[in-house]
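Tertiary structure, described
For reference, the chains in residue letters:
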Amino acid sequence: MPRTIKNILFIMYDQLRYDYLSCAGHQTLETPNIDRVAEMGVRFSNAYVQSPICGASRMSFYTGRYVHSHGAAWNNFPLKVGELTLGDHMREIGVETWLVGKTHMKVDQKGMDRLGITTDSVIGARVSECGFDVFERDDGLWAQGPQGFYDSRRSPYNEYLKSKGYDSENPWHDYANSGVEDDGSVASGWFMQHADMPANIREEDSETPYMTGRAIDFIEMMEAERRGPWLCHLSYIKPHWPYIVPEPYHAMYGHNQIQPVVRSEIEKVNPHPVYAAYMDNANGKAFSRDEVRDKVIPAYMGLIKQCDDQLGRLLAYLEDSGRMDDTMIVITSDHGDYLGDHWLGEKDLFHEQSVKVPLIIYDPSPSADATRGTVCDALVESIDLAATFVEAEGGKVPDHIIEGRSLMPFLHGQSVENWREFVISEFDYSATAQAKALDISPKQARLFMVADRNWKFMHADGGFRPMLFDLLNDPQEFNDLGDNPEYGEIIDIMYERLAQWARRVSQRTAISDETIMGFCGSSRRTGVLLGLYDGTEISADLTELYRGKAGRRYTGAEEDSG
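The present account deals with the structure reproduced in this document.

Cut-offs used in this document
- Residues numbered from 1 in each chain as written.
- Predicted model: local features only at pLDDT ≥ 70, side-chain atom pairs only at ≥ 80, totals over all residues.
- Heavy atoms only, no water.
- Salt bridge = Lys/Arg side-chain N within 4 Å of Asp/Glu carboxyl O.
- Helix = DSSP H or I, 4+ residues; strand = E, 2+ residues; numbered from the N terminus.
- Buried < 20%, exposed > 50% of the residue type's maximum accessible area, 1.4 Å probe, protein only.
- Core = buried A, V, L, I, M, F, W, Y, C linked by side-chain atoms within 4.5 Å.
- Contact = heavy atoms within 4.5 Å.
- Pairing = 2+ DSSP bridges.
- Axes fitted to C-alpha atoms, helices over the stretch in contact; angles between N-to-C directions.
- Expected span 1.5 Å × (residues − 1).
- Arc of directions from axis to C-beta.

Concerning the pattern of salt bridges
For the structure shown, the criterion picks out 43 salt bridges. Among the salt bridges present, the one from R420 reaches E381, with a minimum N-O distance of 3.4 Å. In this pair, R420 sits in the loop between α15 (408-411) and β14 (423-428) while E381 sits in strand β13 (residues 380-381), placing the two residues 39 residues apart along the sequence. You'll find R420 and E381 in the same group, each marked buried. One salt-bridge network, held together by shared partners, links E129, R137, D139, D151 and R153.

Right, dumping it as structure tokens:
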């Protein structure tokens, strides 16, 4: 019987908040194309990433493993050369796995050198690119300072802009992410006062339309060469900063369409030291100012609107090419964006605005018809997607490696037994100014979140007290109960859950439980017969090779002369 799901289009928008979609309740931002995918499939309303920072979060998506397991705990922390990824799992079941866009993955070059793996080999190229075959990788972070570029690799997007006549060493900044002052000077998108300006680029040449075009080019290549099935990770850089967008999107929204800020003065009273350090950093201070939010958030909404319009272009292409009927579509993000909520900017900590993400899955198979247009409130983790993709393509999930669980039962309306009661997220802030300000060593600069439907708990290494929020009575997470002795029992429960999670079997990845179970009792059939007195305790055939006439005698009173 032919598989209904042939291909998987795995779309990730960078830094897209879960609640900045009209289908998720945003009051002024309209996202009809994302909403359409939600109507075609299932929207998961409680999806959490395994770390609220780009690199670590993405490595969990790509490996199906917690940060605690794969170790790539922050941006530019290498993914260990031995970690298996989506590409490895999918290729094993005959599915090509390709990248179009961003991964934020850094190669474990020392590990590759130690094993003699070169980047110009097939396996070396894949290990260097998080297991993907690369149609186009562009992380979209072409910042340039006195010490050079943040990302020193070649930028395909910059080369494209140069070919289109954008005359600059770094057109990513000078055109795609900057406006123009009245006197003709560059109005850099790095300065948030310019967020309401149009980016100085033709809209069709800006980052999101460009990457959409590359995704279409990829699908056309696969069709022309009659290859497949495939998984394409289409990974956009937007609506990630710099917060600037080309016209007409720069003027679609105004400060009067910004939703009310979610913050309270009570959060500044005896704040947790780590939280206080983040409120006091440059992003927190900036986004605590209303003029910053009034400039940035309309641009952020414009970036999302452009993403949605380009999704409409992609959906039209899938329909016209006949691929809509056999392609699973997944829409998600690597983390959110505080945008001034909780007196914070960027991401990093564990409030909903940062650690919860949108997750929408369209399954084209008839078995998913009953759940179309529904919302699932199960506690979902980003690592569940790796398991989902393997099962969707007919494979058996290697659960000794992949730590997530398949979401296919939810897509098909099936009951799920023993689903998780809590979710975990981690944050290693050892490479940040906050760790230095707190005088914390790299091994101590770690945060862990345990959250269920009622409570959200954060443990901070380094001798700090925990944080705790009552999500039922304080859904906006204003009142930190972590130092309130009345909640000691809840804190104990959360610590036991954290300990339970930490005790999981996560490093025994070279052998499956099924194989281990096959060992039970098999040693006797290979001749290892421990615990016997005279052999009558077991079946005679197991001792057959250990009975019979002995050979030449070398022991005893008289040696056999032969």
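Examining the nonpolar core
Of all hydrophobic cores here, the largest spans 73 residues; its most connected members are F10, F44, M328, F389 and Y429. If near-sequence neighbours (up to four positions away) are discounted, F10 is found in contact with F61, Y62, L86, L231, C232, H233, L234, V330, T332, L385 and F389. Core analysis: the next-biggest nonpolar cluster, separate from the first, contains 59 residues, I11, F218, C307 and I360 among them.

Quick look at the sheet that holds strand β15 (residues 446-451)
If you walk across this open sheet you meet the four strands as β14-β15-β16-β17, and the pairing is antiparallel. Because the sheet does not close on itself, it has two edges, and the strands there are β14 and β17 (467-470). Across this sheet, the average inter-strand angle for adjacent strands is 10°, counted without regard to direction. Where strand β16 (residues 455-460) lies against β17, four bridges are found, and the strand directions are antiparallel. Across the sheet, W455 pairs through a bridge with D470, a residue of β17.

Here's the deal with helix α17 (residues 488-502)
Over its 15 residues, α17 runs 21 Å from end to end, which matches the ideal 21 Å to within 8%, given 1.5 Å per residue. Every buried residue of α17 is listed here: I491, M494, R497, L498 and W501. Down the axis of α17, the smallest arc covering the buried residues is 120°, so these residues share one side. Along α17, the residues that are exposed and aim more than 90 degrees away from the buried face are E489 and D492.

By themselves, these are just geometric observations and shouldn't be taken as functional.
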